[in-house]
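# Secondary and tertiary structure notes
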Amino acid sequence: MAENKIKIDHVSKIFGPKPKTIAPMIKEGKSKDEILAETGHTVGVYDASMEINEGEVFVIMGLSGSGKSTLIRCFNLLNKPTDGAIYVDGENIVEYKTPQLKKFRQDKIAMVFQHFGLFNHRTILGNVEYGLEIKNMSKEERQKIAQENIELVGLKGYEDKYPDELSGGMQQRVGLARALANDPDILLMDEPFSALDPLIRRDMQLELLDIQERLKKTIVFITHDVNEAFKIGDRVAVMKDGKVVQVGTPESILEAPANDYISDFIKDIDRSKVFQAEHVMIKPNALVSLKDGLNVAVKEMQQNGISSVFVVDRGRHLKGIVTIDAAIEGIKQKKSLEDVVDTDVTTVAKEDYINDIIPKALESKFPLAVTNKEDKLEGFILRVHVLSGLVADDIEESKEYHGYYQATNNQTIEDIEK
Amino acid sequence: MGSFPNIQSNLGDYVEMFVDFLDEGLEGLFDLIFFISSRTINGIEAFLNFLPWWLFIILIILVGWYFKSIGSGLLYGLFMFLVGTFGLWDEMMMTISIVVSAVLICLVLGIPLGVYMAFSKGFSTVMRPILDAMQTMPSFVYLIPAIFFFGLGNVSAIFATLIYALPPVIRLTELAIRGVDEEVIESAQSFGSSRWQMLMKVQLPQALPTIMAGVNQTTMMALAMVVIASMVGAQGLGEQVLISINRIDIALGFEAGISIVFLAIIIDRVTNGVADRFQKHRRAK
Ligand SMILES: Nc1ncnc2c1ncn2[C@@H]1O[C@H](COP(=O)(O)OP(=O)(O)OP(=O)(O)O)[C@@H](O)[C@H]1O
Ligand SMILES: [Mg+2]
């Protein structure tokens, strides 16, 4: 329980005159439509369970009416679940009495709304300090904090304006600053960027990721836009008719959609913006260390049937690449490996999106080298791998491909490290 | 024969008995209302009489300038000056005292009632027909209990004015509070606001422009009552109109009448100007 920040445990939310009496029907497995037909009650959330980890961006996506808003509003009890429990830091918030709930909302959780929900009778500063004001913080202190958060979202100089004097994108920044001013652990965002036009939306997405990088909040983010979900989500939950139908990382959902609803949902997604270098790269089955020399290099290439091989130092940092021709020529001329190694290798980071790799793959005469944060060589990418990452149907095949190489490979790398 | 059979229901008699009962049972309450109303009127009148006439006119010009424009301010000043030349200055001050007192009491009673109606469906259901009755009942009718409770004089006038002018501010307050954007309410809730904080920091400020529209209507209705209220002894411009009717004095009637019109114009424009101020940073959704 300790490691997940939020745990949603069989939560249902039913709308209608007598929701409590309907809850048992869900346990009996009656569908949303059956319940509506038989009792006139609408099931907003149907037996949802999920766990959200500390510091992750957790996205809930689904079509309109699938219950996303109803669910996220349970997280701060704007909606009280009809059934089930919600644990935040191990405490069941559904059982909170008014004073506890007030404190929970003041200290732990804040929300950003689709239409911003700003107070148009207050200035930007007045909006951002609101959450602190109702905690009775002194004027000086709360304005200082509000000011910092206004600057964080890039609205310095707009403190004394009113919300209506700002553009939509700027208004949502105010919404974000207002939520952040309370320094909550958890940030709830219900389609925060849906009301913005596409260019502004993209800016806001990047900015959110940037802020998240710095502040490490636990973010629950709702969207009906798959591209947005996969771009910003560490993990994504897909909802349909009030049910949670799949939870997983964007890649895992793309690779193995749980059902047709999800396949349909993701068919338009731009895969090049979801898959990263590490998902398509291949671990090298042959590597040559500088001290090994040319003969070893040639032998490695012959054994593995390849025409070039990466050269690394003892720490597995990339030194360059050597082709079979250059190696043989070098042996004839009695040169060392260091003399013939070609350093003109294009490197990409493990986390780079395929979208960004495509131009590099086209220009480079060698395979692309993939490195991790410590600059160590992790794998390589051929043009064919880039393509396979873009086409959904090829996933199965390319998996086999991965498997084949990995089996022979790990061992080689370990050998070199010794 | 088409005439109605001789069945009598005596509803009026019962109402009379009820009013009698009220007068005896609630004597303390009526004394309190009398005390508060007369104090308010006297206080305001004393203040207005304390101001030199030219200072009052300058104040009116400034208020007009601040809320509308310098041109309007000067026009309002001219209106006041003209009333003075009619020889009705003191009467006008009296009328202003009565109207302002009535409006103040309307706000003190009306806004909380409106807020409570917005929060309680039951209370709202009970109040609606009462408000309808208050507005549609011919205003002469409640002059009678007014005299009964408070005797002839300004307080009766205020009481009658209250009944007539109170409904708009109550209704518009209820409407305004109910009309506050749901998402704004939720955002205030999501920060852990208490109900009181929600009301004072969010709902009332958000509702203010609409409430101001109610204040404007209430004020205009209070002004419309001055002639009728003079029948129960209210002094001021209304009394002059009444006198002129009795004497068939066209000159006085016109002067007093046009003075009331001048007041109405100034009060309407200024309260509208105040409402616009509040509206400034809120575009209609
Ligand atoms: N207050 C309410 N009373 C009755 N039914 C409601 C209420 N709120 C939501 N519902 C119903 O619950 C279901 C889920 O609605 P919800 O707003 O959670 O969907 P959503 O996924 O957020 O959709 P959208 O993308 O349009 O915002 C819908 O069928 C809706 O009609
Ligand atoms: Mg929604």
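Residues numbered from 1 in each chain as written. Chains lettered and ligands numbered in written order. Predicted model: local features only at pLDDT ≥ 70, side-chain atom pairs only at ≥ 80, totals over all residues. Heavy atoms only, no water.

Secondary structure summary: chain A contains 19 helices and 16 strands in total. Overall, chain A is about 85 × 55 × 40 Å in size when its C-alpha atoms are taken along their principal axes. A total of 418 residues make up chain A; the buried ones form 51% of that total. The contacts of chain A with a sequence gap of at least 6 include a subset with a gap of at least 24, amounting to 65%. For chain A, the accessible surface area stands at approximately 19500 Å², while carbon and sulfur atoms represent 47% of it. Placing the 54 positive and 69 negative side-chain charges of chain A at their respective mean positions leaves the two points 4 Å apart. (Helix = DSSP H or I, 4+ residues; strand = E, 2+ residues; numbered from the N terminus. Buried < 20%, exposed > 50% of the residue type's maximum accessible area, 1.4 Å probe, protein only. Contact = heavy atoms within 4.5 Å. Areas by Shrake-Rupley, 256 points an atom, 1.4 Å probe, with all protein chains shown as cover. Lys, Arg positive; Asp, Glu negative; His and termini not counted. Charge placed at Lys NZ, Arg CZ, Asp CG, Glu CD.)

Opposite the 28 residues of chain A that make contact, chain B presents 19 residues. Taking both partners together, chain A and chain B bury about 2200 Å²; carbon and sulfur atoms supply 53% of that area. At the junction of chain A with chain B, the criterion picks out two salt bridges. Scanning the region where chain A abuts chain B turns up 13 residue pairs in polar contact (both at pLDDT 80 or more). (Buried area = accessible area lost by both parts, 1.4 Å probe. Salt bridge = Lys/Arg side-chain N within 4 Å of Asp/Glu carboxyl O. Polar contact = N/O pair within 3.5 Å; in protein donor to acceptor, adjacent residues only side chain to side chain.)

Moving on: the site of ligand 1. Residue and element names in this part refer to chain A. For ligand 1, the set of nearby residues contains 13 residues, the closest of which are Ser64, Gly65, Lys68, Ser69 and Thr70. Measuring from an oxygen atom of ligand 1, one finds a backbone N or O atom of glycine 65 at 2.8 Å. In this structure, glycine 67 approaches ligand 1 through a main-chain N or O atom, which is 3.0 Å from an oxygen atom. Taking 630 Å² as the accessible area of ligand 1 by itself, protein coverage stands at 60%. Counting only elements with at least two residues in the shell around ligand 1, the list comes to β2 (42-53) and α3 (68-75). By residue class, the composition of the shell around ligand 1 is two nonpolar, eight polar and three charged. (Near = heavy atom within 4 Å. Nonpolar A, V, L, I, M, F, W, Y, C, P; charged D, E, K, R; others polar.)

Turning next to the sheet that holds strand β10 (residues 243-248) of chain A. Residue and element names in this part refer to chain A. The six strands lie next to each other as β6-β7-β8-β3-β9-β10, forming an open sheet whose pairing is mixed. Because the sheet does not close on itself, it has two edges, and the strands there are β6 (109-112) and β10. Within the sheet, the average angular offset between the axes of one strand and its neighbour, ignoring direction, is 20 degrees. Of the pairings in the sheet, the one linking β6 to strand β7 (residues 186-190) comprises four bridges and is parallel in character. Looking at β7, one finds that alanine 110 is bridged to leucine 187. (Pairing = 2+ DSSP bridges. Axes fitted to C-alpha atoms, helices over the stretch in contact; angles between N-to-C directions.)

Residues and elements named next belong to chain B. Roughly 1300 Å³ of volume is contained in the largest pocket. For the largest pocket, the lining is made up of 38 residues, of which Leu22, Phe30, Phe149, Phe159 and Ile163 are closest to its centre. Of all the secondary structure elements, the ones that give two or more residues to the lining of the largest pocket are α1 (11-25), α2 (27-50), α5 (89-119), α6 (121-136), α7 (143-150) and α8 (154-178). Taken together, the residues that form the lining of the largest pocket break down as 34 nonpolar, two polar and two charged. (1 Å grid on protein atoms, 1.4 Å probe; cavity = no way out; pocket = protein on both sides within 12 Å on 5 of 7 lines; lining within 4 Å. Points joined across faces, edges and corners; volume = space filled by probe spheres on them.)

Now for unusual backbone geometry. Residues and elements named next belong to chain A. If you check the backbone angles, histidine 10 has positive phi at about 50 degrees while not being a glycine. Mapped onto the fold, histidine 10 is located in strand β1 (residues 4-15). Not every positive phi belongs to a glycine, and arginine 316 is a case in point at roughly 65 degrees. Tracing the chain through its elements places arginine 316 in the loop between β12 (308-312) and β13 (318-323).

So, about the packing of aromatic side chains. As enumerated under the stated definition, the model contains 18 aromatic pairs over all chains in all. With a centroid separation of 4.8 Å and 55 degrees between ring planes, the pair formed by B:Tyr116 and B:Phe123 is classed as tilted. Accessibility expressed as a relative area gives 47% for B:Tyr116, which makes it partly exposed. Here the aromatic cluster, defined as three or more aromatic residues joined through ring pairs, consists of B:Phe30, B:Phe34, B:Phe148, B:Phe149, B:Phe150 and B:Phe159. The side chain of A:Lys243 reaches across the aromatic face of A:Tyr46, ending 4.6 Å from its centre. Between the NZ or CZ atom of B:Arg195 and the centre of the ring of B:Phe119, over which it lies, the distance is 5.1 Å. (Phe/Tyr/Trp six-rings, centres within 6.5 Å; stacked < 30°, edge-to-face > 60°. Lys NZ or Arg CZ within 6 Å of the ring centre and 35° of its normal.)

This part takes up the side chain of A:Thr371. Residue placement: A:Thr371 occurs in strand β15 (residues 368-371). Accessibility expressed as a relative area gives 8% for A:Thr371, which makes it buried.

What follows is about the packing of helix α12 (residues 237-247) of chain B against helix α13 (residues 250-279) of chain B. Residue and element names in this part refer to chain B. Put simply, α12 and α13 touch, their axes get as near as 8 Å, and they point 150 degrees apart. Judged on the interaxial angle alone, α13 and α12 are roughly antiparallel. The two elements α12 and α13 cross, and the hand of that crossing is left-handed. For the pair α12 and α13, contact is made by Leu237, Gly238, Gln240, Val241, Ile243 and Ser244 and by Leu252, Gly253, Ala256, Gly257, Ser259, Ile260 and Leu263, respectively. (Parallel < 35°, antiparallel > 145°, perpendicular 65-115°, else oblique. Left-handed = near helix turned anticlockwise from the far one by under 90°.)

Residue and element names in this part refer to chain B. Over its 24 residues, α2 runs 34 Å from end to end, which matches the ideal 34 Å to within 8%, given 1.5 Å per residue. Of all the positions in α2, only Phe30, Ser37, Ser38, Ile41, Ile44 and Leu48 are classed as buried. Considering only its buried residues, α2 is in contact with α1, α3 (53-67), α5, α7 and α8. (Expected span 1.5 Å × (residues − 1).)

The subject of this paragraph is α8(B). Spanning 25 residues, α8(B) covers 36 Å between terminal C-alpha atoms, matching the ideal 36 Å at 1.5 Å per step. By the largest-angle criterion, B:Ala165 marks the main kink of α8(B), which is about 40 degrees, and a proline, B:Pro167, follows within four residues. (Bend = angle between axes of the 7 residues up to and from the residue.)

Structurally, chain A comprises domain 1 (4-108 + 184-269) and domain 2 (278-417). The centre of domain 1 of chain A, based on its C-alpha atoms, is set 42 Å off from the matching centre of domain 2 of chain A. (Domains from an automatic or database assignment.)

Atomic detail in the predicted coordinates should be set aside for any region of low pLDDT. Residues and elements named next belong to chain A. Mean pLDDT over chain A stands at 86; residues scoring 70 or higher make up 93%. Within chain A, the lowest mean pLDDT, 41, falls on helix α19 (residues 395-417), and the highest, 96, falls on β6. Within the model, the stretch residues 394-418 combines pLDDT values under 50 with 31 contacts to residues more than four positions away or in other chains. (pLDDT = per-residue confidence, 0-100.)

Moving on to the sheet that holds β12(A). Residue and element names in this part refer to chain A. Across the sheet, three strands lie side by side as β11-β12-β13; this open sheet has mixed pairing. This sheet does not close on itself; its edge strands, each paired only once, are β11 (287-289) and β13. Neighbour-to-neighbour, the strand axes of the sheet open up by a mean angle of 35 degrees, direction not taken into account. Looking at chain direction, β12 and β13 are connected through five bridges and run antiparallel. Bridge pairing links valine 311 to glycine 320 in β13.

Let's shift gears to the environment of A:Leu176. Residue and element names in this part refer to chain A. Among the secondary structure elements, leucine 176 is positioned in helix α8 (residues 168-181). Residues leucine 176 and methionine 111 lie 65 residues apart in sequence; the distance between their C-alpha atoms is 8.3 Å. The residues contacting leucine 176, other than those within four sequence positions of it, are Val112, Val153, Leu187, Met189, Leu208 and Ile211.

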